[in-house]
Amino acid sequence: MSDEPELILAELSDDELVEQMKDDLYDGMGPEIAEGTQILLNRGWDANRILKESLVDAMRIVGLDFADGILFVPEVLSAANAMKGGMNLLRPILAASDTQTSTGRVVIGTVKGDIHDIGKNLVGMMLEGAGFEVFDLGINTSIDEFLEAIDKHDPHILGMSALLTTTMPYMSVVIEDLDKRNMLKNLPVMVGGAPVNKEFADAIHANAYGPDAATTAELAKTIVGVNRP
Amino acid sequence: MLIIACGALAREVRAVADQLPNFTLRCFPATLHNTPDRIVPAITTILDDTVGQHDRTILALGDCGTGGALDRLCTARDLQRLPGAHCYAFFTGVTDFDDMMTEELGTFFLTDFLARQFDAMVMRPLGLDRKPELRDMYFGNYKRLVFLSQTEDADLLARAKAAAVALDLTFEHRPTGLTPFARDLARLAA
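Note that the structure is a prediction, hence the values are computed from the model and not measured. All residue numbers refer to positions counted from 1 along the written sequence of the respective chain. Ligands are numbered from 1 and chains lettered from A, in the order in which they are written. Residue-level local features of this predicted model are given only where pLDDT is at least 70; pairs of side-chain atoms are given and counted only at 80 or more, and the full residue set underlies all totals for whole chains, interfaces and linings.

Peer 1: I would appreciate a short explanation of the interface of chain A and chain B in the present structure.
Peer 2: Many authors give the size of an interface as the accessible area that is lost as the parts come together. At the junction of the two partners, chain A supplies 17 residues and chain B supplies 15 residues. Working definition: helices are DSSP H or I runs of at least four residues, strands are E runs of at least two. Numbering for both runs from the N terminus. At three residues, the largest contribution of residues to the side of chain A that touches chain B is made by helix α4 (residues 73–96) of chain A. Classification used: nonpolar for Ala, Val, Leu, Ile, Met, Phe, Trp, Tyr, Cys and Pro, charged for Asp, Glu, Lys and Arg, polar for all others including Gly. Among the residues making up the side of chain A that touches chain B, the classes are represented as ten nonpolar, six polar and one charged. Whether two residues are in contact is decided by their C-beta atoms, placed from the backbone, lying within 7 Å.

Here you go:
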């Protein structure tokens, strides 16, 4: 049994609490993240500020440590789960907020024939954290479903994900179809997934390749003109 | 002849050795499936280590998430590979494998090797031994576990059933034997 006194989140100052939440998210402590988020809301913090200064920043560090081989997939998923706890509290507030300005709209989905969605879900979460409205079509998404969602949501970006070598060519099928419909001019396409790389993305004429969730969110901001050099 | 195989197939390659010409078997660790970008370098290392020692080389492994890099290596180094993107198809035949995937896209496969090494190849690398709450994030979209057995082994069958329970998937057992695998390997080796 630890001799350390139990940490009472509500007794921490704002700065201490934000730092503690970053540590907790890194360690995948979901209930603590939900509690910390609620405390900051009760203290009058803007939902957007909580999202950016605690959750997104912590998840960005998780992403960097994953890329550096310090963390592995289970730890990243635990952190994402913890972030979800905070997001569940913030999302309705952000959606109802008059002052909330969307960074842009993104339609994302795992392509047809593929049921893997861990990476895609992480990307969705980071995009939300970056202020995007995310319309997630889920798994096994056909071209008709992508087209329907594009028509309905008028996105600024289309994102496609695949885990399998056998399903990644479907990204090319979708892009070719969009090209035939003359839709690519106004709809940048981002692709990602374990077997996907920059070379493949270039070969199928995708506008951008997201090697990981955090980088994808930054690339998306660049595409819509938020990140200007 | 050199056969380079995934460690998950080593036992099966040896089991059909009497149907093949003389060969040397070299394997890379099956755990590289969790870091597929390291598979092609691992094979390249074996190729470089054995330059000039064999008249030809056969690869006994699927694409395994290399994103086509494995087949590009085959073209560049004049190698032949067993047909199929996944090693499961080596045991079922490509057509039967495709039919099973059409039947249920959310199918998770075990072979004898994977049933035997389920903890080492699945539970521990995915962190499910220490974070069981992640199970549905990994397997929530899967519906069934199909055990493709190469041998009749009651212990492996029990292990495969236990794996299905652990992953909360329905269980099906489809004995494949080694016939399709031996046939395709012999065809490449002929």
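Peer 1: Would you take a moment to explain the nonpolar core for this structure?
Peer 2: Most often, soluble globular proteins keep nonpolar side chains buried together rather than apart. The biggest cluster of nonpolar side chains holds 63 residues, and the ones touching the most others in it are Met83(A), Met126(A) and Met171(A). Domain delimitation follows an automatic or database domain assignment. The residue makeup of this core includes at least three contributed by each of domain 1 (9–96) and domain 2 (104–223) of chain A. Beyond its immediate chain neighbours, meaning those up to four positions away, Met126(A) contacts Met59(A), Ala213(A), Ala214(A), Thr216(A) and Ala217(A). Only buried residues count toward a nonpolar core: Ala, Val, Leu, Ile, Met, Phe, Trp, Tyr and Cys, linked into one set through C-beta atoms within 7 Å. For the exposure call, what matters is how many other C-beta atoms sit within 10 Å of a residue's own: 20 or more marks it buried, 12 or fewer exposed, and in between partly exposed, using C-beta atoms placed from the backbone. Judged by nonpolar contacts, the second largest core, of 46 residues, contains Phe109(B), Leu145(B), Phe147(B) and Phe181(B).

Peer 1: What is the right way to read the sheet that holds strand β6 (residues 144–149) of chain B from this model?
Peer 2: Adjacent strands of a sheet form backbone hydrogen bonds with each other and so pair up, either parallel or antiparallel. Residue and element names in this part refer to chain B. When DSSP locates at least two bridges between a pair of strands, those strands are taken to pair. Overall, parallel pairing links the three strands, which are arranged β5-β6-β7 in an open sheet. Single-partner strands in this sheet number two, and they are β5 (107–110) and β7 (170–175). On average, adjacent strands in this sheet sit at an angle of 25° to one another, irrespective of strand direction. With six bridges connecting them, β6 and β7 associate as parallel partners. Its bridge partner lying in β7, Leu-148 is registered against Arg-174. Its contacts with the sheet place helix α9 (residues 154–167) against β5, β6 and β7, and it is angled at close to 165° to β6. Fitting a line to C-alpha atoms yields each axis, with helices limited to the stretch in contact; the angle taken between N-to-C directions then spans 0 to 180 degrees.

Peer 1: Sorry if this is basic, but what is going on with unusual backbone geometry here?
Peer 2: Excluding glycine, most residues fall at negative phi; most peptide bonds, likewise, are trans. Despite not being glycine, Asn140(A) has its phi angle at roughly 50°, a positive value. With 19 C-beta atoms packed within 10 Å, Asn140(A) lands in the partly exposed category. For Asp78(B), which is not glycine, the phi torsion reads 55° and is therefore positive. Of note, Asp78(B) is situated in the loop between α3 (69–77) and β4 (80–81). For Asp78(B), a count of 8 C-beta atoms within 10 Å gives the class exposed.

Peer 1: What exactly am I supposed to notice about the packing of helix α5 (residues 118–129) of chain A against helix α9 (residues 213–223) of chain A here?
Peer 2: The description of two packed helices rests on the angle between their axes and on the distance between the axes. Residue and element names in this part refer to chain A. α9 packs onto α5 with a crossing angle of 45° between their chain directions and a minimal axis gap of 8 Å. Viewed along their axes, α5 and α9 adopt a mutual orientation that is oblique. As for how α5 packs across α9, the hand of that crossing is right-handed. On α9, the residues that touch Leu-122, Val-123, Met-126, Leu-127 and Gly-129 of α5 are Ala-213, Ala-214, Thr-216, Ala-217 and Ala-220. A breakdown of the residues in the contact of α5 with α9 according to their chemical character gives eight nonpolar, two polar and no charged. Oblique is the label for every angle not falling under 35 degrees (roughly parallel), over 145 degrees (roughly antiparallel), or within 65 to 115 degrees (roughly perpendicular). Handedness of a crossing is defined here by the sense of rotation of the near helix relative to the far one, left-handed for an anticlockwise turn of less than a right angle and right-handed for a clockwise turn.

Peer 1: In this structure, what is going on with helix α7 (residues 169–180) of chain A? I would like to understand it.
Peer 2: Structural remark: α-helix, 3.6 residues per turn; residues separated by three or four positions point the same way. Residues and elements named next belong to chain A. For a helix, the expected span equals 1.5 Å multiplied by the residue count minus one. Taking 1.5 Å per residue as the helical rise, α7 with its twelve residues ought to reach 16 Å, and the 17 Å between its terminal C-alpha atoms agrees with that figure. Every buried residue of α7 is listed here: Tyr-170, Met-171, Val-174, Ile-175 and Leu-178. Summarising the axial view, the buried residues of α7 lie within an arc of 145°, below the 170-degree limit, and thus occupy one face. Buried residues belonging to α7 abut α6 (143–153), β3 (157–161) and β4 (189–192). The directions from the helix axis to the C-beta atoms are what the arc is built from.

Peer 1: Teacher, can you tell me more about the environment of Leu114(B) here?
Peer 2: Residue and element names in this part refer to chain B. Mapped onto the elements, Leu-114 comes out in helix α6 (residues 112–116). Of the residues examined, Leu-114 has 23 C-beta atoms within 10 Å and is grouped as buried. Sequence separation between Leu-114 and Ala-17 is 97 residues, and the spatial gap between their C-alpha atoms is 21 Å. The residues contacting Leu-114, other than those within four sequence positions of it, are Ala-8 and Met-121.

Peer 1: Before we go on, may I ask you to explain the domain arrangement of chain A in this structure?
Peer 2: Residue and element names in this part refer to chain A. As assigned here, chain A comprises domain 1 (9–96) and domain 2 (104–223). Taking only C-alpha atoms into account, the centre of domain 1 sits 25 Å from that of domain 2. Across the boundary between the two partners, domain 1 contributes twelve residues, which contact nine residues of domain 2. Class assignment for the residues of the side of domain 1 that touches domain 2 results in ten nonpolar, one polar and one charged.

Peer 1: Would you mind going over the domain arrangement of chain B with me for this structure?
Peer 2: All names here are of chain B. Entries for chain B in the domain assignment read domain 1 (2–85 + 179–189) and domain 2 (88–175). Taking only C-alpha atoms into account, the centre of domain 1 sits 23 Å from that of domain 2. Each partner contributes to the interface: domain 1 provides 13 residues, whereas domain 2 provides twelve residues. Only α1 (10–15) and α10 (179–189) provide two or more residues apiece to the side of domain 1 that touches domain 2.

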